[in-house]
Amino acid sequence: MASVPAVSLIVPTFNEAGNIDELLDGVCAALPAEWDVEVLFVDDSTDDTPEVIEKAAVRCPMPVSVLHRDEPEGGLGGAVVAGIARTSAPWIVVMDADLQHPPRLLPELVEAGERAGAELVVASRYADGGSRGGLDGGYRMAVSGVSTAVTKALFPRLLRGVSDPMSGFFAIRREAIERAGREDGAGQDGGLRPLGYKILLELAVRCRPRGVAEVPYEFGERFAGESKSTVREGLRFLRHLAELRSSDKRARMVAFGLIGVSGFVPNLLALWALTGATSLHYAVAEVLANQLGVLWNFVLLDFLVYRSAKQGHWAGRLLGFAALSNADLLARIPLMMVLVEQAGIGPVPATVVSLVVVFLARFLLVDTLIYRRRGAAARQEQAVARTAAAREARGERAA
């Protein structure tokens, strides 16, 4: 006899009061009575959405609760992560409250995962039989299509089998999230760091679920209220893409190298100016010119590559980065002197060769000592705090 699924349905909301009654009626009608289901609305609203939910919950056969966040950290994605921390069922289902995601598909998502043994099931607008007709106008359709294509191009391996990585309607096994958390040392939330409303992308990339299934669906029209898709959210999405892409060490190394190459320009220009306009020895001139390249590299790396891993004050990070970057002079200057004095190479090309030689060692030291280790420790502390809060919240509900 098949086991009865246990499901935590998480619905993030922001000013969705006009949709709640219709949504809960659809959810109650769709979910089989024998299933063990809990519904959690994670609410960032400034209207009376929480009160509307509490009134509507009275007529539902399953437990319905509201977690209202005074500080909407991480946007819609952060709301989903907060919901994951406060629920406990093996299956987590996420859907929007605007009824563009049809509630009747809720059991089909979980059943598809059970049949396929998949850890992630995506309701897809791009699978055979799906449609994105509910998108408002050609502009939003074009933006959705381009965003999907760019995202899949950036993560071809991790998103294999996911035709709609921008979907907000999906089911994921809790084990996939907890396993990612154990491997990353980040706790039960898998070290998730969502930014904006594309939480599925965050889960697929960071948690790497084993097995993916899809269920086609027709993206409906919004029942009530206004769309939360704005230019600001679009910019947050692009930033999220950059942060996810740089979460892979190989990608960070490539970005580190490209930024390092760009740092050659201020470094070499300063070296050329100092050796041409002053009587400084080329070795002393290189030490001084190196500082401009160090500052250039730090600003770009700190803002673009390690934006989500930053800890402490920027001055402390700059001092650490400068110390490591200047420490490689102990290797570079002797090498450069050998190339200049023994091989007859000019100061500028000798500097280029020495910079390339020490690149890998510098990347590993900066990546480990200044950013990633501190970031991992901070994430682990935050995960412990979130886990404690989740246990306390579950205990309060049980009581």
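Let me begin by describing the structure that accompanies this report. Please read all numbers here as calculations on a predicted model, not as lab measurements.

1. A few points about the packing of helix α10 (residues 282-305) against helix α11 (residues 314-327)
Moving on, step 1. Two elements in contact, α10 and α11, have axes whose closest approach is 10 Å; the angle formed by their N-to-C orientations is 130°. Taken as axis vectors, α10 and α11 run oblique relative to one another. Once α10 is placed against α11, the crossing between them reads as right-handed. Along its contact with α10, which presents N290, Q291, V294, L295, N297, F298, L301 and D302, the element α11 presents W314, R317, L318, F321, A322, S325 and N326.
Moving on, step 2. Of the residues assigned to the contact of α10 with α11, the class counts are 8 nonpolar, 5 polar and 2 charged.

2. Brief notes about the sheet that holds strand β1 (residues 6-13)
Within a sheet, adjacent strands bond to each other through the backbone by hydrogen bonds, running parallel or antiparallel.
Moving on, step 1. If you trace the 7 strands from one edge of the open sheet to the other, you get β3-β2-β1-β4-β6-β5-β7, paired in mixed fashion. Here the strands that pair on one side only, and so sit at the sheet edges, are β3 (64-68) and β7 (212-216). Pairs of neighbouring strands in the sheet enclose a mean axial angle of 20°, with direction left out of account.
Moving on, step 2. One ladder, built from 8 bridges, connects β1 with strand β2 (residues 36-43); its direction is parallel. By the bridge assignment for β2, L9 is matched with V39.
Moving on, step 3. Lying on the sheet, helix α2 (residues 49-57) is in contact with β1, β2 and β3; it crosses β3 at an angle near 170°.
Moving on, step 4. Along the sheet face, helix α7 (residues 199-207) touches β5 (120-124) and β6 (170-173) and points at about 30° away from the line of β6.

3. Regarding unusual backbone geometry
Moving on, step 1. The phi angle at L99 is positive, at roughly 70°, despite the residue not being glycine.
Moving on, step 2. Its place among the elements puts L99 in the loop between β4 (91-94) and α4 (106-116).
Moving on, step 3. Phi at R208 takes a positive value of approximately 50°, unusual for a residue other than glycine.
Moving on, step 4. In this fold, R208 is placed in the loop between α7 and β7.

4. Thoughts on the environment of T148
Moving on, step 1. Within the secondary structure layout, T148 lies in helix α5 (residues 137-154).
Moving on, step 2. According to the relative accessible area criterion, T148 is buried, its value standing at 5%.
Moving on, step 3. For the pair T148 and Y126, spaced 22 residues apart in sequence, the C-alpha separation works out to 10.0 Å.
Moving on, step 4. Excluding anything up to four places from it in sequence, T148 contacts Y126, S163, P165 and M166.

5. Here's the deal with α4
Moving on, step 1. Among the residues of α4, L106, P107, L109, V110, A112 and G113 are the ones counted as buried.
Moving on, step 2. Of the surrounding secondary structure, the elements contacted by the buried residues of α4 are β1, α1 (20-30), β4, β5, β6 and β7.

6. Comments concerning the pairing of β5
Two faces belong to every sheet, and in a regular strand the side chains alternate between them.
Moving on, step 1. The element β5 is largely enclosed, with a buried count of 5 among its 5 residues.
Moving on, step 2. Across the two faces of β5 the burial is the same, with L120, V122 and S124 and V121 and A123 all buried.
Moving on, step 3. The sheet contact formed by β5 and β6 spans 3 bridges and is antiparallel. Bridge pairing in β6 places V122 opposite F170.
Moving on, step 4. Summarising the sheet, β5 and β7 pair through 5 bridges and their orientation is parallel. Note that in β7 the partner of A123 across the bridge is V215.

7. Regarding the packing of α1 against α2
Moving on, step 1. Their axes nearest at 9 Å, the elements α1 and α2 cross at an angle of 35°. Like other packed secondary-structure pairs, α1 and α2 cross with a definite hand, here right-handed. On α2, the residues that touch I20, D21 and L24 of α1 are T49, V52, I53, A56 and A57.
Moving on, step 2. Residue composition of the contact of α1 with α2, grouped by class: 6 nonpolar, 1 polar and 1 charged.

8. So, the side chain of S124
Moving on, step 1. Following the sequence through the fold, S124 ends up in strand β5.
Moving on, step 2. Residue S124 is classed as buried on the basis of its relative accessible area of 0%.
Moving on, step 3. A distance of 2.6 Å separates polar atoms of two side chains, one belonging to S124 and the other to S163.
Moving on, step 4. The residues contacting S124, other than those within four sequence positions of it, are G130, S163, D164, E214, V215, P216 and Y217.

9. Focus: the packing of aromatic side chains
Centre-to-centre distance and the angle between the planes together describe a pair of aromatic rings.
Moving on, step 1. Tallied over the entire structure, the rule returns 3 aromatic pairs.
Moving on, step 2. With a centroid separation of 5.8 Å and 85° between ring planes, the pair formed by F169 and Y217 is classed as edge-to-face. One end of the pair, F169, is in the loop between α5 and β6; the other, Y217, is in the loop between β7 and α8 (231-245), with 48 residues separating them in the sequence. For the pair F169 and Y217, a shared accessibility class is recorded, and that class is buried.
Moving on, step 3. Pairing F298 with F321 gives two aromatic rings, centres 5.8 Å apart and planes at 50°, and the pair type is tilted. Linking F298 in helix α10 with F321 in helix α11, this pair joins segments that are 23 residues apart in sequence.
Moving on, step 4. Its relative accessible area of 5% is what places F298 among the buried residues.
Moving on, step 5. On the basis of relative accessibility, which here comes to 1%, the residue F321 falls in the buried class.
Moving on, step 6. Taken together, the ring pairs connect F169, Y217 and F219 into an aromatic cluster.
Moving on, step 7. The lysine or arginine in question, R125, covers the ring of F219, its NZ or CZ lying 5.3 Å from the ring centre.

The rules we used
- Residues numbered from 1 in each chain as written.
- Predicted model: local features only at pLDDT ≥ 70, side-chain atom pairs only at ≥ 80, totals over all residues.
- Heavy atoms only, no water.
- Axes fitted to C-alpha atoms, helices over the stretch in contact; angles between N-to-C directions.
- Helix = DSSP H or I, 4+ residues; strand = E, 2+ residues; numbered from the N terminus.
- Parallel < 35°, antiparallel > 145°, perpendicular 65-115°, else oblique.
- Left-handed = near helix turned anticlockwise from the far one by under 90°.
- Contact = heavy atoms within 4.5 Å.
- Nonpolar A, V, L, I, M, F, W, Y, C, P; charged D, E, K, R; others polar.
- Pairing = 2+ DSSP bridges.
- Buried < 20%, exposed > 50% of the residue type's maximum accessible area, 1.4 Å probe, protein only.
- Polar contact = N/O pair within 3.5 Å; in protein donor to acceptor, adjacent residues only side chain to side chain.
- Phe/Tyr/Trp six-rings, centres within 6.5 Å; stacked < 30°, edge-to-face > 60°.
- Lys NZ or Arg CZ within 6 Å of the ring centre and 35° of its normal.

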